[in-house]
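# Coordinate analysis (summary)
Below are the chains, spelled out letter by letter.
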Amino acid sequence: MSLLMLVALLSILIPLLFPLLAIGRNQNRLLRCSLPLLPIPALGLALLSTSGWQLELPYLLTGGLWLMDDIRRLFLVLTATLWTAAGFFAAGYLGREGLRGFCVFWGLTLAGNLGLVISGDISSFYSFFALMTFASYGLVIHERTPEALRAGRIYLI
């Protein structure tokens, strides 16, 4: 397996598995520090890869194809940079309450968003889009206030 393939898999798997870290107890400091670091492998993938790069994943349910071209690279750089900046903001913004739940949905939404950018086939696109969409609902309602719950209903509608 080439280095680029490993970085591509890690750029999706690390945020996808990040919610497992949030399940543990007394991980608040680690969770906060990890938020801005999760998109870094995707940024590395965008900066290290060349046009025409592709990764075929035949072992997925319907198979999968991840691609990198100039447009995807630009979107991946922008996406990873924005998620990193948002991670710094979220790390300072969040209190102790709801941090673990927020981190679960943060990782899932990030994995869906990054996967959406590099997906090259329709099944990967829809899978990552669905993951991003439904996990984002958890980010919208993470405070569990009546206003947040109403915003979540509006988001789903």
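### Looking at the environment of H142
- By the element assignment, H142 lies in the loop between helix 6 (122-140) and helix 7 (146-156).
- Owing to a relative accessible area of 16%, H142 belongs among the buried residues under this scheme.
- Sequence spacing of H142 and G95 is 47 residues, and the spatial spacing of their C-alpha atoms is 11 Å.
- Among the polar contacts made by the side chain of H142, one reaches the main-chain carbonyl oxygen of L139 at a distance of 2.9 Å.

### Considerations on the pattern of salt bridges
- Applying the stated criterion across every chain, the model contains two salt bridges.
- We note a salt bridge from D69 to R72, for which the minimum N-O separation is 3.0 Å.
- The class for D69 is partly exposed, based on a relative accessible area of 28%.
- The salt bridge involving D70 is made with R73; its shortest N-O contact spans 2.9 Å. Placement of both D70 and R73 in helix 4 (residues 70-93) is noted, with a separation of three residues, approximately one turn of the helix.

### Structural notes on helix 1 (residues 3-23)
- With 21 residues, helix 1 extends 30 Å from end C-alpha to end C-alpha; this agrees with the ideal 30 Å at 1.5 Å per step.
- Where helix 1 bends most, at I14, the angle is about 30°, and the proline P15 comes one to four residues later.
- Looking at the packing, one finds that the buried side of helix 1 touches helix 2 (28-34), helix 3 (40-48), strand 1 (53-56), strand 2 (65-68), helix 5 (99-118) and helix 6.

Thresholds applied
Residues numbered from 1 in each chain as written. Predicted model: local features only at pLDDT ≥ 70, side-chain atom pairs only at ≥ 80, totals over all residues. Heavy atoms only, no water. Helix = DSSP H or I, 4+ residues; strand = E, 2+ residues; numbered from the N terminus. Buried < 20%, exposed > 50% of the residue type's maximum accessible area, 1.4 Å probe, protein only. Polar contact = N/O pair within 3.5 Å; in protein donor to acceptor, adjacent residues only side chain to side chain. Salt bridge = Lys/Arg side-chain N within 4 Å of Asp/Glu carboxyl O. Expected span 1.5 Å × (residues − 1). Bend = angle between axes of the 7 residues up to and from the residue. Contact = heavy atoms within 4.5 Å.

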